[in-house]
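The residues making up each chain are set out below.
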Amino acid sequence: MEAIQHAFEAEDYTFSASCMDRPFNSIIKDGDESTLLDSLDKLSIKNMIVHPDLFYFQAGSMAVAGRSDDAKRFLQKVELFMEEEFIIPEKEQAVIQMRLDLYRASVAFYQGDVDTFVELLDQNREGTERFASIVNVTRTWFCIFGGSFL
């Protein structure tokens, strides 16, 4: 976390995002989620977009905290930025879009919107296989209660 702070002090936001992304799992494991969230609030989408785990963590944290509308708006901002300002190869853009749709499915789940949750998972079957960790908990819950989308 010290490297992240130094990068922010130097106003090197690209490096800050990279410092958060590389040890992402360790940061969570060490219980530094609140510090990570504070740091993410300082980053622009421009610096976060190349690190999908960071923007998902931010959106997911909003949803879990009952701020689902904020999470949806945040994901919309990410998508808008991708469309208007971020030039990436079409193949990579498709992967990021797939992840965004799965993040939306997770937010829908936290909102209790099962229809949207199932619809988004159904539309993104490839994503559920490639990025199972995004929807693993929600998929398990849905299957336990009698649903089937795979």
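Attention now goes to the overall build of the protein. The secondary structure content of the protein amounts to 11 helices and 0 strands. The helix and strand sequence of the protein, counted from the amino end, reads α-α-α-α-α-α-α-α-α-α-α. Relative to its 150 residues, the protein shows a buried fraction of 43%. Excluding contacts between residues fewer than 6 apart, the proportion of contacts in the protein whose partners are at least 24 apart in sequence is 55%. Accessible surface, the protein: about 8600 Å² in total, of which carbon and sulfur atoms supply 49%.

Before going further, it helps to examine the pattern of salt bridges. A complete count under the given rule lists 7 salt bridges for this structure. In this structure, Arg73 engages Asp70 in a salt bridge whose closest nitrogen and oxygen atoms are separated by 2.4 Å. Taken together, the residues span about one helical turn, with Arg73 and Asp70 both in helix α7 (residues 68–84) at a distance of 3 residues. Assessed through its relative accessible area of 45%, Arg73 is described here as partly exposed. Among the residues examined, Asp70 registers a relative accessible area of 26% and is labelled partly exposed. A salt bridge links Asp101 to Arg104; the shortest N-O distance between them is 3.2 Å. Placement of both Asp101 and Arg104 in helix α8 (residues 90–111) is noted, with a separation of 3 residues, approximately one turn of the helix. For the pair shown, Asp101 and Arg104 are each scored as buried. Taken together, the shared-partner salt bridges in this structure form one network comprising Arg67, Asp70 and Arg73.

Rules behind the numbers
- Residues numbered from 1 in each chain as written.
- Predicted model: local features only at pLDDT ≥ 70, side-chain atom pairs only at ≥ 80, totals over all residues.
- Heavy atoms only, no water.
- Helix = DSSP H or I, 4+ residues; strand = E, 2+ residues; numbered from the N terminus.
- Buried < 20%, exposed > 50% of the residue type's maximum accessible area, 1.4 Å probe, protein only.
- Contact = heavy atoms within 4.5 Å.
- Areas by Shrake-Rupley, 256 points an atom, 1.4 Å probe, with all protein chains shown as cover.
- Salt bridge = Lys/Arg side-chain N within 4 Å of Asp/Glu carboxyl O.

Function cannot be inferred from these measures alone, as they are strictly geometric.
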